[in-house]
Every structure is written in structure tokens, then in C-alpha cells.
Amino acid sequence: MEQMMRDFFLFLSKNKTLTKLAKKYGLRFGASRFVAGETIEQAVDVIKELNRKGLAVTIDYLGEFVDNEQEANEMANHSIEAIQAIGREKLNSQLSLKMTSMGLDISDDLVMKNMRRILDEAKKYGVFVTIDMEDYSRCQKTLDIFKQLKKEYDNVGTVLQAYLYRTEKDIEDLKDYRPNLRLVKGAYKESPEVAFPNKKDVDENFKKIIKMHLLNGNYTAVATHDDAIIEYTKQLVKEHNIPNDQFEFQMLYGIRPERQEQLAKEGYTMRVYVPYGTDWYGYFMRRLAERPANVAFVLKGMLKK
Ligand SMILES: Cc1cc2nc3c(=O)[nH]c(=O)nc-3n(C[C@H](O)[C@H](O)[C@H](O)COP(=O)(O)OP(=O)(O)OC[C@H]3O[C@@H](n4cnc5c(N)ncnc54)[C@H](O)[C@@H]3O)c2cc1C
């Protein structure tokens, strides 16, 4: 049943008509629990509050299925606006973004042009930029873009997903780039030909790649709400005397906020991923796919209307 619901919400997350409708009608159905607002001003208020609680942030202007050049350029402009807000308001925040929103499905030149604009601006303000990882069909292209940009900029990192068979090799292949990587379980629906179908195997591979990347001496963001993985990381760094400034924990805005504050109080860098913008639909559907309890929350919200 849980798997069916997961597949259903992941299927919905890709629906372009619903994506357009959601943009038109604004944040609904309890999405504001996971999305910090539709404007940069609303997101800045949320970030200030999180920073006040000792939490670092990575901000993301939401956008998916960008299929024309003008839209991709506008998406890049929004990221630049977010970087300038971080600088102006002196926020403790990085930036995250998706390659499809920069024009990955249109042309490589367009993506590189937009990314260089963003990274130049980010460099001015000392802002670090993480390239989110999307579905498997875009993985190699995203890594190729990352490698090229990493040769030109030191303020860029990316994400690897524990559910993919290829990830262990990617950790090895990227090692010499000294990359700052966010490691996650993986949020898309993938075929068993490319990804572990069983949760248990994903969790084991997650632990394996955390260990590999940390012991390679590279900066590691462990992005998870899973206490077993958090405890594993804590033990691992203790055993190997890995200092607190070589890793951090990351969680999504609206998920386990008390746990986020607790980890910050324990002295760990705890970064919250704060998405905002009108294109909230796909992101929201993936959050519902992850946890049936979130669906009950949404249904309650709908009934209240
Ligand atoms: C900062 C960040 C960035 C991400 N970036 C990407 C990306 O670029 N690409 C990508 O594919 N995916 C990304 N993800 C999503 C990720 O791949 C997972 O889909 C998502 O994090 C859920 O997996 P999990 O590790 O939290 O564990 P899960 O297996 O979903 O959850 C494990 C356990 O965590 C606890 N838990 C989870 N949610 C709650 C809750 N609401 N309340 C209480 N306990 C809870 C429960 O004990 C649960 O059993 C990102 C996630 C984070 C946190």
C-alpha cells in the first residue's frame, strides 16, 4: 500500500498540467508547511527565523520542466536575486538549484551560461551553490556540468543519491575534484535496472558512501531525516576523529524541525533546505510520496477549507 501511494505521488509530481495549475492558484493544500512562500521576501523572513535558531540554510527557487530559453534565463535571474538577498540581509545561507531549471533539457550552452552568471554573482557574496540531483536520465549530464564548473569555481558542489548502483563509483571518480557533496537517499522513481529497489539496500549503500566520502577527506553533507543514518554518521566521525567542520547534517524545511534544532544545539552544523516560489507542485508531491503521514496532514488541510 505504501509503495502504491509512493508511486502514485511520484507519478503526479511529473504532471505538467497540474504543475501549471498549481502555479496559477498559489500555495495550497498545506504546501506552505514545506515551502517558505512564493516570494523572496517571504523566504528571507523564514531564513532569518531559522538563522536565529542557530540553523544554517540553503535556499532554492523552485522550478521544474523548464522548456524554453526565456524561462531558463528567468529562473537564473531568480537565483541571482536570492544570492543578492543573502548578501544584503547577511543571511547564513547557501543556494541550491536544479539543472533542468537552468535549461538542461534545452541546451548545454544555455545551462553553462546561466550557471556561470549565477556562480560569478555567488562568488562576490561568498555564497556556496549546490547543484541538486534529479532523475537518473539527467545524472551523467549533471555530473559532467559539475566537473566542468568545479574546474572554474570553488564555490560549487553537487548531490549523489544512495539508491543508484552507480553512486559508489561516482564517489571514487569525483574524489580528485575534492568535491563538497550532499549525500541523499534519492527522491525519484527509478527502475530496478539502475537503482536498489529495497529500502534496506538503499540505507546500507547510504552508509557506505558516507564513509567513503568522509574517509576520502572530502566535505560531506549528510541530508536525511533518518535517525539511524544520523547516529551512524556521529559514530563514524567519532571513530575516525573527523572534525565537525568536515561534515554537516541537512534536512528539509518543515520536516522534523525539533530534531533540526536539537542537532544544532549538540554543536553540529545543521542546514535546512528552504524552497520558495510559485512552482511548488512537483516538490510538494515528492514530499507526499516520501511519507504517508504527510498525506493525512494535507487531507486535514483540505477539509478545513
Ligand atoms: C537537504 C536535502 C536535500 C535533498 N536534495 C535532494 C536531491 O538533490 N536529489 C534527490 O533525489 N533527493 C534529494 N533529497 C531527498 C532525499 O533523496 C530523500 O528523498 C528524502 O530526504 C527522504 O529520505 P530520508 O533520508 O529522510 O529517509 P526516509 O527513509 O524517508 O525516512 C527515514 C526515517 O526518517 C524519519 N522521518 C522522516 N520524515 C519524518 C517526519 N516528517 N517526521 C518524523 N520522522 C521522520 C522516520 O523515522 C523515517 O522512517 C534531499 C533531502 C534533503 C534532506
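The structure reproduced in this document is the subject of the present report. Because the structure is a prediction, the values reported are computed rather than measured.

Moving on, we get to the overall build of the chain. Looking only at helices and strands, the chain has 12 helices and 8 strands in total. Here the chain, with 305 residues, has 54% of them falling under the buried criterion. If you sum the accessible surface of the chain, you get close to 14,300 Å²; carbon and sulfur atoms cover 51% of it.

Another aspect to go through is helix 8 (residues 199–215). For an α-helix the count is 3.6 residues per turn, leaving residues at separations of three or four pointing the same way. For helix 8, built from 17 residues, the straight-helix expectation of 24 Å at 1.5 Å per residue is met to within 8% by its first-to-last C-alpha distance of 24 Å. All buried positions along helix 8 are accounted for by Val 202, Asp 203, Asn 205, Phe 206, Ile 209, Ile 210, Met 212, His 213 and Leu 214. Of the surrounding secondary structure, the elements contacted by the buried residues of helix 8 are helix 7 (167–174), strand 5 (181–184), strand 6 (220–223), helix 9 (227–239) and strand 7 (247–252). Positioned one or two residues after helix 8, Gly 217 has a phi angle of 85°, which is positive.

With that settled, the discussion passes to helix 5 (residues 108–125). Over its 18 residues, helix 5 extends 26 Å from the first C-alpha to the last, a length consistent with the 26 Å expected when each residue adds 1.5 Å. Here helix 5 has its buried residues at Leu 110, Val 111, Met 112, Asn 114, Met 115, Ile 118, Leu 119, Glu 121 and Ala 122. For helix 5, the secondary structure elements touched by its buried residues are helix 4 (69–88), strand 2 (93–97), strand 3 (129–131), helix 6 (139–152) and strand 4 (156–161). Immediately beyond the C-terminal end of helix 5, within one or two residues, lies Gly 126, with a positive phi of roughly 65°.

This next bit is on the pairing of strand 4. Working note: regular strand, side chains alternate between the two faces of the sheet. Among the 6 residues that make up strand 4, 6 are buried, leaving the element largely enclosed by the rest of the structure. Going residue by residue along strand 4, you find Val 156, Thr 158 and Leu 160 tucked away on one face and Gly 157, Val 159 and Gln 161 tucked away on the opposite face as well. Between the parallel elements strand 3 and strand 4, the chain passes through helix 6 in a crossover that is right-handed. Relative to strand 5, strand 4 runs parallel, the two being bridged by 4 bridges. Counterpart to Thr 158 in the pairing with strand 5 is Leu 181. With respect to chirality, the unit in which strand 4 leads through helix 7 into the neighbouring parallel strand 5 is right-handed.

Summarising the element assignment, Phe 284 is placed in helix 11 (residues 281–290). Sequence separation between Phe 284 and Phe 34 is 250 residues, and the spatial gap between their C-alpha atoms is 7.2 Å.

Let us look at the site of the ligand. As a structural note, the neighbourhood of the ligand is formed by 24 residues, with Met 133, Gly 186, Thr 224, His 225 and Glu 290 the closest of them. Between an oxygen atom of the ligand and a side-chain N or O atom of Thr 224, the distance comes to 2.6 Å. Separating an oxygen atom of the ligand from a side-chain N or O atom of His 225 is a distance of 2.7 Å. Against a free-state accessible area of 950 Å², the protein chains account for coverage of 82% of the ligand. With respect to the pocket detection grid, the ligand is positioned in the largest pocket. Listing elements by their share of the shell around the ligand, those giving two or more residues are strand 4, strand 5, strand 7 and helix 11. Residue contributions to the shell around the ligand peak at 3 residues, all from strand 7. For the shell around the ligand, the per-class residue count stands at 10 nonpolar, 5 polar and 9 charged.

Inspection of the secondary structure assignment puts Gln 246 in the loop between helix 9 and strand 7. A distance of 3.0 Å separates a polar atom in the side chain of Gln 246 from the backbone oxygen of Leu 214. When near neighbours in sequence (up to four residues on either side) are disregarded, Gln 246 contacts Leu 214, Gly 217, Asn 218, Tyr 219 and Thr 220.

The next thing to look at is the layout of surface pockets. Counted as a void, the largest pocket has a volume near 1,500 Å³. Forming the boundary of the largest pocket are 50 residues, of which Arg 6, Lys 185, Gly 186, Ala 187 and Glu 290 lie nearest the centre. Taken together, the elements giving at least two residues each to the lining of the largest pocket come down to helix 1 (2–13), strand 4, strand 5, helix 8, strand 7, helix 10 (257–265), helix 11 and helix 12 (292–304). The element best represented in the lining of the largest pocket is helix 11, accounting for 5 residues. Looking at the lining of the largest pocket, its residues break down into 21 nonpolar, 10 polar and 19 charged.

Alternating positions in strand 6 separate into two faces, Thr 220 and Val 222 on one and Ala 221 and Ala 223 on the other, with burial throughout. Relative to strand 6, strand 5 runs parallel, the two sharing 3 bridges. Its bridge partner being in strand 6, Leu 183 is matched across the sheet by Val 222. With helix 8 bridging strand 5 and the parallel strand 6, this β-α-β connection has right-handed handedness. Note that strand 6 and strand 7 share 4 bridges and pair parallel. Bridge pairing in strand 7 places Ala 221 opposite Glu 248. In terms of handedness, the path from strand 6 via helix 9 over to strand 7 forms a crossover that is right-handed.

Rules and cut-offs
Residues numbered from 1 in each chain as written. Predicted model: local features only at pLDDT ≥ 70, side-chain atom pairs only at ≥ 80, totals over all residues. Heavy atoms only, no water. Helix = DSSP H or I, 4+ residues; strand = E, 2+ residues; numbered from the N terminus. Buried < 20%, exposed > 50% of the residue type's maximum accessible area, 1.4 Å probe, protein only. Areas by Shrake-Rupley, 256 points an atom, 1.4 Å probe, with all protein chains shown as cover. Expected span 1.5 Å × (residues − 1). Contact = heavy atoms within 4.5 Å. Right-handed = clockwise from strand over helix to strand, strands pointing away. Pairing = 2+ DSSP bridges. Near = heavy atom within 4 Å. Polar contact = N/O pair within 3.5 Å; in protein donor to acceptor, adjacent residues only side chain to side chain. 1 Å grid on protein atoms, 1.4 Å probe; cavity = no way out; pocket = protein on both sides within 12 Å on 5 of 7 lines; lining within 4 Å. Sits in = over half its atoms within 2 Å of the grid points. Nonpolar A, V, L, I, M, F, W, Y, C, P; charged D, E, K, R; others polar. Points joined across faces, edges and corners; volume = space filled by probe spheres on them.

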